[in-house]
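Observations on the three-dimensional arrangement
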Amino acid sequence: MSLQTVPVVRDTLAIDFGACPPGCSECVKACEQHRSVARIATLHLPEVSFHGAITCLQCSEPACRDACPTGAISRDDAGVARLDRGRCVGCGACAIACEWGGISFDFGTIRAAKCDTCDGDPACARACPTDVLRWVESRRLFERFSHPDPFTKGASLCPGCAGELGFRLAFRVIGDDAVVFVGPGCACALANGLGAEATTRLPSAMALMTNIPSLMTGVARRLRQTGKRTRCVAFVGDGATADVGFQPLSGAAERGEPIVYICYDNEGYMNTGVQRSGTTSHGARTMTSPAGPRLKGKGQPAKEVPLMMAFNGAAYVATANIAYPEDFEAKLRRALDVEDGLSYLHLYSPCYVGWESPMDSVLQISRRAVETRMFPMWEADHGKFRITHPVDQARPIEEFTSLIGRFRHLGHDDLKMLAEEAQARYRRIEALCQAMPFNGR
Amino acid sequence: MNNGAARLLDGNKAAAHAVLLCRPDLVAAYPITPQTPLLEQLYKFKAEGRLVAETVEVEGENSALSAAMGTTVAGGRAFTATSSMGLTFMYDAYLFASGTRVPVVMVIAMREQTAPTTVSCGQQDLMMVKEGGWIQLVCESCQEILDSIIVAYRLAEDPQVQLPVNVCYEGYYLSHLSEAVKVPSQEAVDQFLEPVRANGNQRPVLSTEHPMTYGTFVVGDLYAEYRYKHCQAMQRAAGLLDSLDGAFAGAFGRSYGGALEPYRADDAEFLMVTMGTASGTLKGVVDQLRGEGVAAGLVRIRMFRPFPRRQLAELMRGKRAVGVVDRSVSFGWDAGHLFIDVKAAAQDLERRIPIVSFIGGLAGTDLRHDLLEGAARATLARGRGEPGEEVVWLGLE
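The notes below deal with the structure included here. Remember, it's a predicted structure, so these values are computed and weren't measured experimentally. (Residues numbered from 1 in each chain as written. Chains lettered and ligands numbered in written order. Predicted model: local features only at pLDDT ≥ 70, side-chain atom pairs only at ≥ 80, totals over all residues. Heavy atoms only, no water.)

Some points on the pattern of salt bridges
For the structure shown, the criterion picks out 62 salt bridges over all chains. Note that Glu 399 of chain A and Arg 368 of chain A form a salt bridge whose closest N and O atoms lie 3.6 Å from each other. With Glu 399 of chain A in helix 13 (residues 398–401) and Arg 368 of chain A in helix 12 (residues 362–371), this residue pair connects regions lying 31 residues apart in the sequence. The class of Glu 399 of chain A is partly exposed, set by a relative accessible area of 25%. Glu 269 of chain B is the salt-bridge partner of Arg 384 of chain B, the closest N and O atoms lying 2.9 Å from each other. Here Arg 384 of chain B is found in the loop between helix 13 (369–383) and strand 16 (391–393), whereas its partner Glu 269 of chain B is found in the loop between strand 10 (260–263) and strand 11 (270–274), with 115 residues between them in sequence. Each of the salt bridges in this network shares a partner with another, and the network as a whole consists of Glu 61, Arg 65, Asp 66, Arg 368, Glu 371, Arg 395 and Glu 399 of chain A. (Salt bridge = Lys/Arg side-chain N within 4 Å of Asp/Glu carboxyl O. Helix = DSSP H or I, 4+ residues; strand = E, 2+ residues; numbered from the N terminus. Buried < 20%, exposed > 50% of the residue type's maximum accessible area, 1.4 Å probe, protein only.)

Take a look at the structure:
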């Protein structure tokens, strides 16, 4: 896929499924008043803790559009799926195709009816007395990352680095009342200074690959002892997290140390020149898992560190992804709120250098990783699981692997295996969500 | 003067009492023989409400020292202890603590180093970290353990030093041996070693009020400056220990002579040199030989790092021979570690004298009076011109 076709972030209607108060139908009334036939409905399924509003989600690949026999539905430049009532024949194929209940029917005119966001000013969101329905303008998204970036400009990281973006975004949420911890690796270029010059105005510590959570333990205990609420936050790569540094992380989680540990997972030892780590994807080629006549890249699936952490005593565990910054921000805030144990965030951070991808590809790769189910987005809050970004229909794995050079040596069967592993991974999280469902905080 | 009430304590318990008196903010340690009873005693104090420190049940020694470092760089006082394989397992953090000048205090209940595997006494573990940039004190008695830990915090936290300190004592021979130990009062210790105040530290501290970068990445000339200043601090520590020894004597009535303890050394014809418990037996040997009219003398090294080379050379000047008793082996030199240091210090003498390495007491075997008497007589013989081996294994058939 050419990068020119990547859709930009659109303004969108955000719905908090789970928080809609039963008995309220202000959104439906507003829509009726505004558009005669309501294009939104409330739905309450208390047995699964679902309390939300159902309307068109403005899918990027709308099934309704594909199902319409007359071509009456199309997606406009603002990302809104619009219905041309003049071409609609009232067959209802769109309503059958939509899995989300996003299409309404106007029995008066025998035509389909669907949300067009009131052209960017939805009446329902204005009418909603709670925060369940919100119109999110993309340009305002970063207002939630309100703290100034605490790191120096021009750090020695590659342009377009996902890890750097994640690190800066994280601390624009966390703010200044924090001690930042890094280990030897790419991220330390932002936090550990160089010689006598600091690279951040935060108190920061560069520890070892092998002792970051332990050093944090000592600092955090002392800060608490002296009555401070300053948070200890680590931003550490997958090598120090999943491999050589896993022991102290496991220990800190088991002891319930109230520290925030963010692993930026670029799936390899990138700072030392791209070697495989425990989280490197199955089949990916690196300098120590090369591809050739007798080797096909890494021979084993990745360690699932977030799951390990969820079963290792961490109070809060979430996967996050810089292509979904609002989700990252929300999870980070939750992580900072948790004080009765360790919070672990696993941040998907493609390294285009090590992954042999174009310099401007990391967001596209990150998004595709979610859409192909390669990287499930979920959280476990005190043992209760939920998928935070459901992917009901996985995109073909090739839409992910074709963006990444380090999979280029893989054949059809290898990719099939990767896809199957991704599905199994996703289903495993789904099963956990069913077994230990999330019922609110 | 408050020199304390006498209690019957083994070395580990004496250490635990010292730690309690030093009011640490955090204790983190991982169980390993023969250090474990020290750890258990500290938890007993905590259960009784006497120890108010944070305690961290770490998952390994590298984390034990790291947690202690964390609290120390955040302005607190921390303690840890280990032995043998635990010490080498924390080598990562060990080097980091000294290189970043973290004034933490750690006991080493000394033990042989695997392999072959054993849990018995030796000094090999200390020798594995002697170049690690820490100040290292080696004790002879349970009383000295207690006193040295109190002094160690003064030494470590002194703004002119800012270095981590090991207080070392031999496993079983001291860790599990009970002696009468005078335990000073809390008030007396508080007078000597000021309790940590929340904001009263003189050293840079990780805090949001005065942000600093800890463990910064260093290249080029600045790296040499770090090393140079570390060495300068080491040398200041050597001088400070001598004055602290005097201050401690003033406060508690006990003195150990500073970096080394000479015993009947001034007018001696030859010297024995050792560290730790063997010195007690050697004092008996010296007395016996003196009774026979032989001018034997002893120097016990207390401060192994920084090594008191000049004071030692001064004591060796004019002697006819030196015998060094080691409870460890330096592979490659195939001699004792302390022997190598003594030999290097003897380079400052105007005249070459025979220096003999005696290796014994490995894996907890007794350095008996008869073995050490043999060593002393062999040293005397070398001093009087008789030929002999440079390295002698005591008790090895």
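What to know about the side chain of Thr 286 of chain A
All names here are of chain A. Tracing the backbone shows Thr 286 in the loop between strand 12 (260–265) and strand 13 (291–292). Look at Thr 286 and you get buried, because its relative accessible area is 4%. For Thr 286, the side chain forms a polar contact with the side chain of Ser 289, separated by 2.7 Å. When neighbours within four sequence positions are excluded, Thr 286 is seen to be in contact with Val 274, Gln 275, Arg 276, Thr 280 and Arg 406. (Polar contact = N/O pair within 3.5 Å; in protein donor to acceptor, adjacent residues only side chain to side chain. Contact = heavy atoms within 4.5 Å.)

Quick notes on the nonpolar core
Side chains of a nonpolar character, in soluble globular proteins, are inclined to be buried together. Ranked by internal contacts, the top residues of the largest apolar core, which has 162 residues, are Phe 167, Phe 171, Phe 181 and Met 309 of chain A together with Leu 312 and Val 342 of chain B. Element by element, the count of residues in this core is highest for helix 14 (residues 412–435) of chain A, at eight residues. Those residues within four positions of Phe 167 of chain A in sequence are excluded, and the remaining contacts are Phe 151, Val 180, Val 182, Ala 187, Leu 190, Ala 191 and Phe 235 of chain A. Among the nonpolar cores identified, the runner-up in size contains 56 residues, and Val 105, Ala 152, Leu 163 and Val 189 of chain B belong to it. (Core = buried A, V, L, I, M, F, W, Y, C linked by side-chain atoms within 4.5 Å.)

Regarding the interface of chain B and chain A
Across the contact, 40 residues belong to chain B and 38 residues belong to chain A. In this assembly, chain B packs against chain A so that about 2900 Å² is buried in total across both faces, 56% of it on carbon and sulfur atoms. When the area that chain B buries against chain A is broken down by residue, the three leading residues are Glu 59, Thr 208 and Phe 217 of chain B, summing to 18%. One can count four salt bridges joining chain B with chain A. We note a salt bridge from Arg 255 of chain A to Glu 59 of chain B, for which the minimum N-O separation is 3.3 Å. Linking chain B with chain A are 17 residue pairs in polar contact (both at pLDDT 80 or more). Examining the composition of the side of chain B that touches chain A, we find that eight residues originate from one element, helix 3 (residues 61–73) of chain B, more than from any other. Across the side of chain B that touches chain A, the residue classes tally to 19 nonpolar, 14 polar and seven charged. Relative to strand 9 (residues 213–214) of chain B, strand 10 (residues 204–206) of chain A runs parallel, the two sharing two bridges. Residue pairing for strand 9 of chain B: Ser 204 of chain A is matched across the bridge by Thr 213 of chain B. (Buried area = accessible area lost by both parts, 1.4 Å probe. Nonpolar A, V, L, I, M, F, W, Y, C, P; charged D, E, K, R; others polar. Pairing = 2+ DSSP bridges.)

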